[in-house]
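# Structure at a glance
Here is what each chain is made of, one letter per residue.
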Amino acid sequence: MILDYIGVKDINGPLIVLDNVQDAFFEEVVGIRLDDGSVRQGRIVQMEGNRAVIQVFEGTRGLSLTNTRTRLTGHPMEMPLSPELLGRIFDGSGRPIDGLGDIFPVKRANVNGTPINPFSRIYPKDYINTGISTIDTLMTLIRGQKLPIFSGSGMKHNELAVQIARQAKISDEKSGFAIVFAAMGVKNDVADYFRRSFSESGILNRVVMFLNLANDPIVERILTPRCALTVAEYLAFELNMHILVIMTDMTAYAEALREFSSSKGEIPGRKGYPGYLYSDLASLYERAGMVKGKTGSVTQLPILTMPNDDVTHPVPDLTGYITEGQIVLDRSLDGQGVYPPVAVLPSLSRLMKDGIGKGYTREDHSALSNQLFASYAKVMDVRSLASVIGEEELSPEDKKYLEFGKLFEAQFVNQGPLENRTIDQSLNLGWELLATLPRETLDRVDDQTLDQYYEPAKKRLSSHKDSQKNDSQMMWEPLSKINGALNEEDNTDEDTDGGGTHE
Amino acid sequence: MDYKDTIYGINGPVVTIKNSRSFSMMEMVFVGTERLVGEVIGVSDDMTTIQVYEETTGLRPGEPVCGTGSPMNVTLGPGILDNIFDGIERPLKEIAKQSGSFIARGSNSPALDEKREWDVTLTVKQGDCLKSGAIYAELPETPVIRHKCMVPPGLSGTVISVKPNGKYHVNDTVVELKDNLGKVHELSLCQKWPIRTPRPVVGYLPPNIPLITGQRIIDTLFPVSKGGTAAIPGGFGTGKTMTQHQLAKWCDADIIIYVGCGERGNEMSQVLQEFAELTDPKTGRLLMDRTALIANTSNMPVAAREASIYTGITLGEYYRDMGYHVALMADSTSRWAEALREISGRLEEMPAEEGFPAYLPSRLAEFYERAGMVKNLNDTDGSITIIGAVSPQGSDFSEPVTQNTKRFTRCFWALDKALSYARHYPAINWMQSYSEYFPDLDPWYAKHLGDDFVQYRKKINNILQQENKLMEIVKLIGSDVLPDDQKLTIEIARVIRVGFLQQNAFHAEDTYVPLEKQKLMMKVILHLYQSAKQLISASIPISGIVKTGLFDKLVKMKYDIPNNKLEMFDDYMKEIDSTLSNIVSA
């Protein structure tokens, strides 16, 4: 028997309350038909006896106590799944908006998913070559990892995400690579930028897009990442594809959750966010990984803008506790025109340690990255000292560090948006930079590795220095050559793999 | 006792029942037609409140709730080690077999494998009088651990029948015991115990044996005793989990219980994989043979996360009762506190600080008080050491979980962001950290390593303190203006920081360092310091001493001297003497 419930008892923000509901269950989806014929969707979020609290996805504007008919659908929030999802565009709650009609589902799955059994997980070890020196060398991205980009308004996180998506694809084309993109509360032009960039790279037919733009209902925003991840899990674990999930902006998602929580009258935690923000974020982020018996993987690249660039704000803070590292962008580097403006020191990849080294990247990788971190940390100390006593007063060794810091940022961190460096290029560049420091200051590397990599890099450097003695700037020629894309003229005679090739 | 009632309300993991008088506090119940596991957390005149340990999607008002009559308990018996459970001791390996890679709801697999046969040796005979905790059977649970079956606490009596030695299942009765009221109890290889009740002991012993971890900064500067408590607070990325893993791998406890409480799934799979490959340096067997894992990752139900800590410590206490030294790693207790907060919020309790419930400190105290070096009911000695990671929100140590944890733990290993940015691991900040166990442990160190170990540690500590003061000056005016003896302090402190305190977990020699080598390293460093100091007081400039490369050589000695070639330290001493005397003669 199908019952229509006429009218509602109470309306509060995005929530409505129904009385005398028969046989409903927790998290059941309902359809709400208004008198004007429009239909909205909702979900039961609380039950008390035969009273149900329903969250309306499209918002409650226009609802009155009498003008609605509510019908139970008998199933929880589900996403239709089929291989045809690739190349399609959906709204925030998973309905197609590209005018190509409905999906004919092979199966349906609850958008909340179920947790992956820790015993069934494969510990991720395959590294993804992103072609970006800082990421590949210092915070290596691993397949099955969740690595967020901590950014701020106005910084180039979108460009970085697009570059990673574009360049990571190259090594993966055969094994089935696809991108699931979830926009939450971003502006239309941002979503359009992503669509255009995917289209320019010729991968649009391998992208599934979910768009909940800034002016779309916030309740839908809570569903957007869940729909996207349900699709990602389907593609990865049933069709065995490698999926990169880009979710932007997680801060907007958390704010939607806060708004929704406060309308339910829940006790707020830190900064008004609900006490379960950690669990809620974890239920999204933990859906990354690889499982035994399947060859696919879900890799997540969430983007979040830190309000006021504050990394201790609850959203980046809790995110950092769940994700396996973070890529932090820095406003002062951004201001200096360094792209990507990666703040090296606070950035980290937790899965890196087992995915690099012999058999994965190169045997000197771990020692080199440790040394770069240590030396760059020393640069920061020297800079703060220099700001007090002035550069002139620094010891000769400290001056070398200052020089190293400048070069590190200009040559290693900085690279072109279309430039794709191989791991060997990045690692060699790292050694050449370290070669500007005296050998005895490199205390994170053992002698054998120093002999094998530091000394040749030093020779490369000095041979160049000798041949270009009259112009001291020119000693950086070999470095800036790798950096071809930075310089428009250089670009033509360069063979940077991938950079600009598919334009 | 079988009684039923029906669901009235559902709100997230909290389910309510109206007008029921049959349930008792903390009782374990089955909720709904899928029989989801839950626990009664509130009873009032008109409303009974239950927290459900699984997803509640799909529950309807009117579905049945069945009581079990007993509090939330776990099964204790052979098969716990080399296994992985969720927060309420459900076997994740079994569940993976049944429902695949994703955890389905309402799984009812028994915690321990009921079909596996154990090779049991009975250690009692008919007519024996057994008291609580007495051992009546033994079996090899893994190649390194002998499992001892004990009379459950609270029960005692006379053995009226014993099965012969042989192969038995976990639930087979092997001994029948008649208590003094004449009631006969059947004892199998396993027993149940409520997770929120500490298992009783005869008494506590002084914590005067250190837990040797092979990590220099911990063993030397901030040691924890067997039966002690330690907290590792640190923001994200400072290496809490890495430190916990290192301790779990190398500490000299007999049994490791690793509780992944609301942390990452990939980390648990890393532990599973690494521990199944690594061998224990002492026994030569796999680390998994002495380890049990509790994995309740952050996306698994929040109520089970709250229970996981208690499940872990109850398993630990069971092995402690057998006379083993147990180390429990809880990663992270902040997630557990947040689970408390989340459930408290659903119950609409009055929040205290930062939304945490007012009973947070008492719950933390209850948990940490279950650690200790004890005399067991069966007269064996055993211990549980608790090492709890704390994830302070916003990396701010003044938040309630860190502050309250500090009150109930005696070791505080504060992880530092600046150190981890420079990839100085373990990133334990030597200025903020402390250990209160020195008075208990110093006699042990003096007895096993000689009085000089304690002396060396004091000197090392002293140099680090001086350096800290000097660095304040250096930050303002640079190091060039310091007099030579202070420059020496800074130089030698660098050797201590980089060469001694920093330890490379991925280096084969450096990941675990025996105490003897730790002592000799300190000895060589201090010898250089003393000798150089004499030269400087004889007006020989520090730059000349630094130029010899001795300082840099000592920084690398942790890699250059293998753990089994400690005689090489003599060569270092000689080299220091000869090099420095060359400076004098030149």
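Placed above this text is the structure.
Residues numbered from 1 in each chain as written. Chains lettered and ligands numbered in written order. Predicted model: local features only at pLDDT ≥ 70, side-chain atom pairs only at ≥ 80, totals over all residues. Heavy atoms only, no water.

### Details of the sheet that holds strand 13 (residues 146-150) of chain B
Residue and element names in this part refer to chain B. Spatially, 13-12-10-15 is the arrangement adopted by the four strands of the open sheet, whose pairing is antiparallel. Lying at the two open borders of the sheet, with one neighbouring strand each, are strand 13 and strand 15 (166-168). Across the sheet, the mean angle separating the axes of adjacent strands is 40 degrees when strand polarity is ignored. (Pairing = 2+ DSSP bridges. Helix = DSSP H or I, 4+ residues; strand = E, 2+ residues; numbered from the N terminus. Axes fitted to C-alpha atoms, helices over the stretch in contact; angles between N-to-C directions.)

### Things to note about the interface of chain A and chain B
Where interface size is given, it is often the accessible area lost as the parts come together that is meant. In this complex, chain A contributes 77 residues to the contact, which on the side of chain B involves 78 residues. Between chain A and chain B the total buried area reaches about 6,300 Å² when both faces are included, carbon and sulfur atoms providing 55% of it. Scanning the region where chain A abuts chain B turns up two salt bridges. For Asp 443 of chain A, the salt bridge is made with Arg 494 of chain B, and the minimal N-O distance between the two is 4.0 Å. One can count 27 residue pairs in polar contact (both at pLDDT 80 or more) joining chain A with chain B. Elements supplying a minimum of two residues to the side of chain A that touches chain B: strand 5 (39-48), helix 4 (218-237), helix 6 (277-285), helix 7 (314-322), helix 9 (352-355), helix 10 (365-389) and helix 13 (447-467) of chain A. Top element by residues in the side of chain A that touches chain B is helix 10 of chain A. It accounts for seven residues. The residue makeup of the side of chain A that touches chain B, split by class, is 38 nonpolar, 18 polar and 21 charged. Summarising the sheet, strand 5 of chain A and strand 2 (residues 9-11) of chain B pair through two bridges and their orientation is antiparallel. (Contact = heavy atoms within 4.5 Å. Buried area = accessible area lost by both parts, 1.4 Å probe. Salt bridge = Lys/Arg side-chain N within 4 Å of Asp/Glu carboxyl O. Polar contact = N/O pair within 3.5 Å; in protein donor to acceptor, adjacent residues only side chain to side chain. Nonpolar A, V, L, I, M, F, W, Y, C, P; charged D, E, K, R; others polar.)

### A closer look at the pattern of salt bridges
If you walk through the whole model with that rule in mind, you get 60 salt bridges over all chains. Here Glu 238 of chain A ties to Lys 107 of chain A by a salt bridge, and the two come within 2.8 Å at their closest N and O atoms. Residue Glu 238 of chain A is found in the loop between helix 4 and strand 16 (242-248), and its partner Lys 107 of chain A is found in strand 10 (residues 107-110); the two are separated by 131 residues along the sequence. On the basis of relative accessibility, which here comes to 31%, the residue Lys 107 of chain A falls in the partly exposed class. Taken together, the shared-partner salt bridges in this structure form one network comprising Asp 443 and Arg 444 of chain A together with Glu 491, Arg 494 and Asp 552 of chain B. (Buried < 20%, exposed > 50% of the residue type's maximum accessible area, 1.4 Å probe, protein only.)

### Considering the packing of aromatic side chains
Going through the model one piece at a time under the given rule, you end up with 22 aromatic pairs over all chains. Their ring planes at 35 degrees and their centres at 4.5 Å tell us that Phe 181 of chain A and Phe 194 of chain A sit as a pair that is tilted. Placement of Phe 181 of chain A in strand 14 (residues 177-186) and of Phe 194 of chain A in helix 3 (residues 188-200) is noted, with a sequence separation of 13 residues between them. A relative accessible area of 0% places Phe 181 of chain A in the buried class. A ring pair is formed by Tyr 376 of chain A and Phe 408 of chain A, whose centres lie 4.7 Å apart and whose planes are at 40 degrees; its orientation type is tilted. Residue Tyr 376 of chain A is located in helix 10, and its partner Phe 408 of chain A is located in helix 11 (residues 396-413); the two are separated by 32 residues in the primary sequence. By relative accessible area, which is 0% here, Phe 408 of chain A ends up buried. Cluster of aromatic residues (ring-pair linked, three or more members): Phe 181, Tyr 193, Phe 194 and Phe 198 of chain A. Positioned over the ring face of Tyr 273 of chain A is Arg 258 of chain A, at 4.3 Å from the centre of the ring. Its guanidinium or amino end placed over the ring of Tyr 445 of chain B, Arg 457 of chain B lies 5.8 Å from that ring's centre, counting from NZ or CZ. (Phe/Tyr/Trp six-rings, centres within 6.5 Å; stacked < 30°, edge-to-face > 60°. Lys NZ or Arg CZ within 6 Å of the ring centre and 35° of its normal.)

These figures capture arrangement, not role.
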